[in-house]
Amino acid sequence: MDRHVLILAGGLSYEREVSLRSGRRVLDALRAVGVEAVIRDADVTLLPSLAADRPDAVIIALHGATGEDGSLRGVLDLCGVPYVGCDARASRLAWDKPSAKAVLREAGIPTPDWVALPHDRFSELGAVAVLDRIVDRLGLPLMVKPAQGGSGLGAAVVRDAAALPAAMVGCFAYHQTALVEQFVPGVDVAVSVVDLGDGPAALPAVEIVPSNGVYDYAARYTAGLTTWHAPARLDPKVAADLAEIAVDAHNALGLRDLSRVDLIVSPDGTAQVLEANVSPGMTETSLLPMAVAAAGLDFGKVFATLVTRAVERG
Amino acid sequence: MTGSGPEPDSHRTSDRGFPFAAAAGVAGGAGSGQRSSAGTTLDDYTDRYAQRMRGMTASEIRALFSVTSRPEVVSLAGGAPFVSALPLDAVGEMLGSLGGPAHGATTLQYSGGQGDLALRERICEVMALSGIDASTGASPDDVVVTIGGQQALDLVSRVFLDPGDVVLAEGPSYVGALGVFQAAQADVVHVPMDDDGIIPEALTEALATVARAGKRAKFLYTVPAYHNPAGVTLSEPRREQILDIAERAGLLVVEDDPYGLLGFSGEPLPALRSRRRDGVLYVSTFSKTFAPGLRVGWVLAPHAVREKLVIASEAQILCPSMFAQSAIATYFASMPWREQIKTFREIYRERRDALLASLTDLMPAGTRWTRPEGGFYVWLTLPEGLHSKEMLPRAIAARVAYVPGTGFFADGSGGSHMRLSYCFPTPERIREGVRRLATVVEEEMKMRAVFGTAAPGAAPGVSWTPAGTFGAAAAHTPSPGQE
């Protein structure tokens, strides 16, 4: 059956370039399996074009707020256009890291201790006093990151309390609320979850080994700077736990079709969830495509199946 | 799964894991997804790259800039000339004719490696406006046509630089030149400048420092007129001083002059090359006087050097585009190019005025900037403690873009500065952009005050000297403590 698929990529976020690469890769993969698709940006021409030439389904390859905060999904709902991925409500929940962590913790899914604070709380209460409390309570090292956003932008590991104020300022340049959480030493692992019709299932975990120890923006998007292991070099029991935790997180957040759950695995084999992504990267160096390949699946066929599911859902 | 990975069950023991092989209809073809237990960097060429490629990584700045193409963002970052001001009907007709039966057999052919003679003659006419003419030894014979000024810089580097050689350059310096010098594995030593351009005493000092380190400075790279990014011009008295110092030290001068004809008041200052027949290589481009899309620039060099430049260029590109050369030569032969340059000057002057007035009206106290008399750029110094690179995401979120000062120093210093360009946006958009920028700076100042942090590396250091008369925010005089 000939399908007309619209891939949304670009957007106004810092991850625009990543998104354009993601969209292009999904497009190529779909075409390779005979599904016709086009790419466009989410700009003022989008709604007229949806009205004039309604696609059978939309794939949201936008990263950052537009693609992930749920708002665009809400607009697509208004237009009655089906899309791959979770609905607006779940997207909004997963996008806001502190909200997502609260839901995960309530569901009994392990996630590092945290505190989330908007910048004006620091000016009201005095930054030094608040930061002292944070260090007292959560200890060091700490992970500071914007409450919303991706690609490691604005994130910093703080090993020394003296470095905390600068990390907060760096974080607040990206978003008005900072998430400060306990830094858990261990192995970074991403578990992608895909539902091809038999319920959400975990793909093989992908292990991330950045060559300089930090999985920052350069390490993520410069070929050669990070070594990935897919599947991750894990004890089978740990791998099984990870799969279970990832699917639990996917379900607890009400996600749909696909997601990527980022975890940290401590040396003792226990895993904690850091966050879940509703519009994970699809570039050449992205984790979900690696997991798909490690599972022996075809990236294009996976997306073709997800498109079919979206169309049937209506 | 295939390959030498862990035992096949290691990743599927969970009953909730994905039943790979059983996934009817979605399994990939043979060979898909092979991974070895050693992992993959997704770059099989990692240990084969040349040394000079080290350190070239994906950049957050590029990520932040990716949104500047959207119309919502006021970009004070780009350096794109306002080509819409060209008589595009006439230019289009000319280009069509050049590709047609009358000229196509020539214009679609190779040219000589040195470039087309008709164009080199036009280039000499253009250079005469800056005082470089037959009386100062300029000849079409000594012009090499290049693909923009950028290739000229690359050729000069290839001809003169060995790895480890020192290049002296203004601090700040043109980012594209720094990239060329980095690729040549040269060490850039920045020479401080002020509102009158490069400081002669600082040049002498830099030469001495380099000599003490047992190194040799091969040339001084300088943009004396309407500097990119600093917006300042080397003053008349300093021109002779700088040339004298270079002459005494046996230091070549590479004069990069893309903006020389785009001055806002009167005639251009005579170029450095117009004062010395030897020791100065003169590089320029048609990108700002006509069209950057044609990618045509040139270098005027002493005879012996010219030979080497031609050989190097032939090895690199064989010859510049004959079509582009013909387009430029025809444009400069048959169209009112002098009037067009006046039009450009007027447009850029109006935009410069809009930027300076907006900065004066809107920027918070403690902000300072240069007042360019031509060209495209204003160099802005932030209030103490702010860092332009760290502040950039806040600016992009506010839908305004600038270039952090860090890009204009080989060592990544310069965080207390930014480059603002006024060449492309309309005056109204410029004012809107400055309004947004002022809010961004104010918010960043508040944030720094709350957390009591001055950005490390934000101190200007050698990047800019306190002398000179900067622009300053309205009704505020920078306090003596703020360099």
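My aim in this report is to walk through the structure given alongside it, one point at a time. Model, not experiment: these values are computed from the prediction.

A few words now on the packing of helix 7 (residues 200–212) of chain B against helix 8 (residues 236–249) of chain B. All names here are of chain B. Where helix 7 meets helix 8, the axes come as close as 9 Å, and the angle between the chain directions of the two elements is 15°. In terms of their interaxial angle, helix 7 and helix 8 are classed as roughly parallel. Classified by chirality, the crossing of helix 8 by helix 7 is right-handed. Along its contact with helix 7, which presents Pro200, Leu203, Thr204 and Leu207, the element helix 8 presents Arg238, Gln241, Ile242, Ile245 and Ala249. Grouping the amino acids of the contact of helix 7 with helix 8 by side-chain chemistry returns six nonpolar, two polar and one charged.

Hydrogen bonds between backbone groups are what pair the strands of a sheet, and the pairing can be parallel or antiparallel. Residue and element names in this part refer to chain A. Spatially, three strands are ordered 2-1-3 in an open sheet, and the strand pairing comes out parallel. In this open sheet, the two edge strands, each paired with only one partner strand, are strand 2 (36–40) and strand 3 (57–60). Averaged over all pairs of adjacent strands, the angle between strand axes in this sheet comes to 25°, irrespective of strand direction. By the bridge criterion, five bridges tie strand 1 (residues 4–8) to strand 2 in an arrangement that is parallel.

The next subject is the environment of B:Thr57. Tracing the backbone through its elements, the reader meets B:Thr57 in the segment before helix 1 (60–65). In this structure B:Thr57 comes out as partly exposed when scored by C-beta crowding, with 15 C-beta atoms within 10 Å. With 41 residues separating them in the primary sequence, B:Thr57 and B:Leu98 have C-alpha atoms 42 Å apart. Contact partners of B:Thr57, with chain neighbours within four places excluded, come to A:Ala218, A:Thr222 and A:Leu225.

Moving on, we come to the nonpolar core. Counting residues in each nonpolar core, the largest one holds 157 residues, and the members touching the most others are A:Val144, B:Leu168, B:Val253, B:Leu281, B:Val299 and B:Ile328. For this core, the domains that each give at least three residues are domain 1 (62–85 + 339–451) and domain 2 (103–336) of chain B. Excluding anything up to four places from it in sequence, B:Leu281 contacts B:Val156, B:Leu252, B:Val254, B:Glu255, B:Val299, B:Ala301 and B:Val305. Residues A:Leu76, A:Ala94, A:Val193 and A:Ala243 belong to the second largest nonpolar core, which totals 85 residues.

Once that is clear, we can look at the sheet that holds strand 3 (residues 166–171) of chain B. Residue and element names in this part refer to chain B. Spatial strand order, 2-9-8-7-6-3-4-5: eight strands in an open sheet with mixed pairing. Every interior strand has two partners, whereas the edge strands, strand 2 (143–146) and strand 5 (197–198), have only one. Relative to strand 7 (residues 252–256), strand 6 (residues 217–222) is paired through four bridges, and the arrangement is parallel. Across the sheet, Thr222 pairs through a bridge with Glu255, a residue of strand 7.

Residues and elements named next belong to chain A. It is at 8 Å that the axes of helix 1 (residues 16–32) and helix 13 (residues 299–313) come closest, and there the two elements cross at 90°. Classed by the angle they form, the pair helix 1 and helix 13 counts as roughly perpendicular. Facing helix 1, whose interface residues are Val26, Ala29, Leu30 and Ala32, helix 13 presents Phe299, Gly300, Phe303 and Ala304. Per-class residue counts for the contact of helix 1 with helix 13 are seven nonpolar, one polar and no charged.

On a regular strand, each side chain points to the face opposite its neighbour's, so the side chains alternate between the two faces of the sheet. Residue and element names in this part refer to chain B. Counting buried residues in strand 11 (residues 377–381) gives five out of five residues, a clear majority hidden from the surface. In strand 11, alternate side chains face the same way, and those of Tyr377, Trp379 and Thr381 on one face and Val378 and Leu380 on the other are all buried. Summarising the sheet, strand 10 (residues 368–369) and strand 11 pair through two bridges and their orientation is antiparallel. Among the inter-strand pairings, Arg368 is bridged to a residue of strand 11, identified as Thr381. With five bridges joining them, strand 11 and strand 14 (residues 417–421) adopt antiparallel strand pairing. Its bridge partner lying in strand 14, Val378 is registered against Leu420.

Each value, and the rule that gives it
Residues numbered from 1 in each chain as written. Chains lettered and ligands numbered in written order. Predicted model: local features only at pLDDT ≥ 70, side-chain atom pairs only at ≥ 80, totals over all residues. Axes fitted to C-alpha atoms, helices over the stretch in contact; angles between N-to-C directions. Helix = DSSP H or I, 4+ residues; strand = E, 2+ residues; numbered from the N terminus. Parallel < 35°, antiparallel > 145°, perpendicular 65-115°, else oblique. Left-handed = near helix turned anticlockwise from the far one by under 90°. Contact = placed C-beta atoms within 7 Å. Nonpolar A, V, L, I, M, F, W, Y, C, P; charged D, E, K, R; others polar. Pairing = 2+ DSSP bridges. Buried ≥ 20, exposed ≤ 12 C-beta atoms within 10 Å, placed from the backbone. Core = buried A, V, L, I, M, F, W, Y, C linked by C-beta atoms within 7 Å. Domains from an automatic or database assignment.

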